[in-house]
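Per-entry structural report
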Amino acid sequence: MTAATHLVHRTATTDPAPAPATAPATAPAPAILELADLHVSYGAISALRGIDMVVREGEVVALLGANGAGKTTTLRTVSGLHRPTAGEVRFCGERIDGVSSHAVVGLGIGHSPEGRRVFADMTVLENLHMGAYRFKRLRQEDLERVFTLFPRLAERRTQQAGTLSGGEQQMLAMGRALMGRPELLLLDEPSMGLAPLIVAQIFEIIKEINAQGTTVLLVEQNAAQALKIADRGYVLETGRITMHAPARELLDDPRIRTAYLGETTP
Amino acid sequence: MTLLEFRDYLVPGLALGALYSVIAIGYTLVYGVLKLINFAHSEVFMLGGFGALIVLTEVAPGHPSGLVSVLLVLLGLVVSGLVGAGTAFGLEKVAYRPLRKRNAPALIFLISAIGASFFLYNLAGKLFGRDPKAMPALFDNGVLFHVLGAPVDVVKLLLIVAALAMIVGLDLLVRRTKLGSAIRAVAQDPEAAGLMGVDIDRIVSRTFVIGGVLGGIAGFLFGLNSQVSFTMGFIPGITAFAAAVLGGIGNLRGAMLGGMLLGLVETYNVPLFGEEWRYVAAFAVLVLVLMFRPTGILGAKLGRTA
């Protein structure tokens, strides 16, 4: 049933036409996140060199690329952890570049960071409470939603987060971000270092989260898995977007297959 | 040392230890969220003592007793707590925040801290005079009761009860409240805390204020027990800092434990080795413990409260 709703949802929001970047056939969903000519530098090193990107309401967008391409920097800039040296970040039409990270959360952007970054010395429940920090008090229905998505977290609610397995920590990082009721969820390498079975589970849950109405911007090295659940994908190489297409096209693209899906050239 | 002497030093030792614990918490809290030692914390303590001294000298009648005594003590606690909070708040704003905004290296914070400390205690010497002053009499300091035959007077009891109340209150605040969770989150991972919507600057400021309340009140209690002077912060400050390191810097319960331990060691040093060794053993214990446990007794696990 969830798969069915997801399918309906997906066809409603994405357009199957081959060139969505230029001329969508039907009216596209409004943009929730827009990056315009975004530049970010660390001292003398420029990490992003003019990125243009759009995430539309209801989509799952995958941001692919090799190590050091600038994927994490992109998400961190959206969250206000980096200030762009030039360009704009717009969320629901409003400029948010330069807004500090704690304020960005309040606008409706959740971020599950690279390396999970759960509060290791707090319990699972305390971590989830931190996720709901922006609200006066935690809402029980949010907690139940997270526990329904991640039954493992419910089982381990009183356990210290530092004692969880990698997969459980990833679930906690995602659940914690969901506690803030984000409209847009940023996921940074959710599959990193996890066993294939757990990775499959995590991606199923990402689909489910999206089906429940949260837009997802997904950064992944695991391009095959990411593109399977994404509507569209962007490929980032040394700070520039080099490809942008519907996910299915990217999955079939020979350049992607060799560079990111580990296939040798036929 | 005879058993009798051992008994007689127990209450003063515990009282001093409780005081050191309260001051040590101020160091360890700030270290937890900023990874920096606020060396000006000893001046927060000193100014708390002066705040209470000045106000109480104004209002205290000659020989207060009963309800008046209770109110005066409460007034002293409130005034010293407020002065401590205000001093710590100002210190963070003036001596540390500008450096944080510019990502200054750790050494610069240390110099700023020491500079602020020198400035404050010399300012206090200039403003309030350089002679030690006794707190006005707030109550008749008689012996209240005996523990195992050792007398317990009002000051010692007040000191121990007030310090314990602060320690328990702080422990609850950090473990049970939303502010406490935010402080722990910032101590563990400031960036992740920011992603949860925690305003780090505000939490840092509040952490200083909490430490300041404790430090200021400790200054008042210390003044009641001995005297108030512009240099009074130095020894208790450095001892409490040592206590925080001994227990495991950043670890709240470590600071409590370290403070108690050093208060007892310092007190028992006097009958064992003589007054001139008073301050030596505390640091000898510190060095010894750190040789075998460099992260302190309970470990310097940051942001950990237990």
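Residues numbered from 1 in each chain as written. Chains lettered and ligands numbered in written order. Predicted model: local features only at pLDDT ≥ 70, side-chain atom pairs only at ≥ 80, totals over all residues. Heavy atoms only, no water.

**Details of the overall build of chain A**
The number of helices and strands found in chain A is eleven helices and ten strands. Looking at chain A as a whole, 53% of its 266 residues qualify as buried. In chain A, once contacts between residues fewer than 6 apart in sequence are set aside, the share between residues at least 24 apart is 68%. (Helix = DSSP H or I, 4+ residues; strand = E, 2+ residues; numbered from the N terminus. Buried < 20%, exposed > 50% of the residue type's maximum accessible area, 1.4 Å probe, protein only. Contact = heavy atoms within 4.5 Å.)

**Topic: the interface of chain A and chain B**
Where interface size is quoted, it is often the accessible area lost as the parts come together. Contacts between the two partners involve 21 residues from chain A, matched on the other side by 21 residues from chain B. Regarding the contact of chain A and chain B, the summed buried area is about 2000 Å², with carbon and sulfur atoms giving 57% of it. When residues of chain A are sorted by the area they lose upon contact with chain B, His 102, Asp 121 and Tyr 133 of chain A head the list and together hold 34% of the total. Residues Glu 191 of chain B and Arg 76 of chain A are paired through a salt bridge, measuring 2.6 Å at the closest nitrogen-oxygen approach. In this structure, the connection of chain A to chain B is made through eight residue pairs in polar contact (both at pLDDT 80 or more). (Buried area = accessible area lost by both parts, 1.4 Å probe. Salt bridge = Lys/Arg side-chain N within 4 Å of Asp/Glu carboxyl O. Polar contact = N/O pair within 3.5 Å; in protein donor to acceptor, adjacent residues only side chain to side chain.)

**As for the domain arrangement of chain A**
Residues and elements named next belong to chain A. Domains assigned within chain A are domain 1 (2-14 + 26-108 + 182-259) and domain 2 (122-175). Between domain 1 and domain 2, the C-alpha centre-to-centre distance is 23 Å. Contacts between domain 1 and domain 2 engage 16 residues on the former and nine residues on the latter. Interface area, domain 1 with domain 2, both sides summed: about 1000 Å², of which 69% is carbon and sulfur. When residues of domain 1 are sorted by the area they lose upon contact with domain 2, Ile 202, Ile 205 and Gln 212 head the list and together hold 35% of the total. Connecting domain 1 to domain 2 are zero salt bridges. Residue assignment for the side of domain 1 that touches domain 2 shows that the elements contributing at least two residues are helix H3 (101-107) and helix H8 (196-211). (Domains from an automatic or database assignment.)

**Concerning unusual backbone geometry**
Positive phi values are uncommon outside glycine, yet Cys 92 of chain A reaches one of about 50°. Within the secondary structure, Cys 92 of chain A sits in the loop between strand E4 (86-91) and strand E5 (94-95). Positive phi outside glycine occurs at Asn 103 of chain B, with the angle close to 55°. Following the sequence through the fold, Asn 103 of chain B ends up in the loop between helix H3 (66-101) and helix H4 (106-128).

**Focus on the packing of aromatic side chains**
For any pair of aromatic rings, the description rests on two quantities: the centre-to-centre distance and the angle between the ring planes. Residues and elements named next belong to chain B. A full pass over the atoms with the stated rule returns ten aromatic pairs over all chains. Measuring from ring centre to ring centre gives 5.5 Å for Tyr 96 and Phe 208, while their planes differ by 35°; the resulting arrangement is tilted. On the criterion of sequence distance, the pair formed by Tyr 96 in helix H3 and Phe 208 in helix H8 (residues 200-225) is long-range, its members being 112 residues apart. Accessibility classification places Tyr 96 together with Phe 208 in one group, the buried group. (Phe/Tyr/Trp six-rings, centres within 6.5 Å; stacked < 30°, edge-to-face > 60°.)

**Some remarks on the sheet that holds E4 of chain A**
Residue and element names in this part refer to chain A. The antiparallel open sheet is built from four strands, whose spatial order is E2-E1-E4-E5. Every interior strand has two partners, whereas the edge strands, strand E2 (45-56) and E5, have only one. One ladder, built from two bridges, connects E4 with E5; its direction is antiparallel. Its bridge partner lying in E5, Arg 90 is registered against Arg 95. The sheet strands contacting helix H2 (residues 71-78) are strand E1 (31-42), E2 and E4, and the helix crosses E1 at an angle near 115°. (Pairing = 2+ DSSP bridges. Axes fitted to C-alpha atoms, helices over the stretch in contact; angles between N-to-C directions.)

**Comments concerning the pattern of salt bridges**
Counting across every chain of the model gives 25 salt bridges over all chains. Across the salt bridge formed by Asp 8 of chain B and Arg 7 of chain B, the nearest N and O atoms sit 3.1 Å from each other.

**Quick look at the UniProt feature "transmembrane region" (unreviewed entry) in chain B**
Residue and element names in this part refer to chain B. Here the UniProt feature "transmembrane region" (unreviewed entry) sits at residues 12-32, 44-61, 67-91, 103-124, 144-174, 203-224, 230-249 and 279-300. The span residues 103-124 is 86% helical and 0% strand by assignment, and the distance between its end C-alpha atoms comes to 31 Å. Across residues 203-224, the secondary structure splits into 100% helix and 0% strand, with the terminal C-alpha atoms separated by 32 Å. (UniProt positions renumbered as here; feature names shortened; annotations may be inferred.)

**Re helix H11 (residues 280-292) of chain B**
Residues and elements named next belong to chain B. With 13 residues, H11 ought to run about 18 Å at 1.5 Å a step, and its terminal C-alpha atoms sit 19 Å apart, in line with that. Here H11 has its buried residues at Ala 281, Ala 282 and Leu 286. Down the axis of H11, the buried side of the element spans an arc of 145°, and every buried residue falls inside it. Against the buried residues of H11 lie helix H9 (234-247) and helix H10 (252-273). (Expected span 1.5 Å × (residues − 1). Arc of directions from axis to C-beta.)

**Considering the environment of Ala 281 of chain B**
All names here are of chain B. Tracing the backbone shows Ala 281 in helix H11. Under the relative-accessibility criterion, Ala 281 is labelled buried at 14%. It is 26 Å that separates the C-alpha atoms of Ala 281 and Val 147, two residues lying 134 residues apart in sequence. When residues no more than four places from it in sequence are discounted, the contact partners of Ala 281 are Val 265 and Asn 269.

**Describing the sheet that holds strand E10 (residues 240-246) of chain A**
Residues and elements named next belong to chain A. Here six strands make up an open sheet; going across it, the order is E6-E7-E8-E3-E9-E10 and the pairing mixed. Of all strands in the sheet, those bounded by a partner on one side alone are strand E6 (109-112) and E10. The sheet shows a mean angle of 15° between the axes of neighbouring strands, taken without regard to direction. By the bridge criterion, six bridges tie strand E9 (residues 232-237) to E10 in an arrangement that is antiparallel. Each bridged residue has a counterpart across the sheet, and for Val 235 the counterpart in E10 is Met 243. The sheet strands contacting H2 are strand E3 (60-65), E6, strand E7 (184-188), strand E8 (215-220) and E9, and the helix crosses E7 at an angle near 145°. Sitting on the sheet, helix H7 (residues 166-178) is in contact with E6 and E7, with an inclination near 170° to E6.

**What to know about the pairing of E6 of chain A**
Residues and elements named next belong to chain A. The two faces of E6 match: Ile 109 and His 111 on one face and Gly 110 and Ser 112 on the other face are all buried. Bridge count between E6 and E7: four bridges; the pairing is parallel. In the sheet register, Ser 112 faces E7, and the bridge partner there is Leu 187.

**So, the packing of helix H5 (residues 154-176) of chain B against helix H6 (residues 178-188) of chain B**
Residue and element names in this part refer to chain B. Orientation of H5 relative to H6, taken along the N-to-C sense of each, is 75°, at an axis distance of 5 Å. Judged by the angle between their axes, H5 and H6 are roughly perpendicular. Contact with H5, carried on its side by Leu 173, Val 174, Arg 175 and Arg 176, involves Lys 178, Gly 180, Ser 181 and Arg 184 of H6 and no other residues of that element. Among the residues forming the contact of H5 with H6, the class breakdown is two nonpolar, two polar and four charged. (Parallel < 35°, antiparallel > 145°, perpendicular 65-115°, else oblique. Nonpolar A, V, L, I, M, F, W, Y, C, P; charged D, E, K, R; others polar.)

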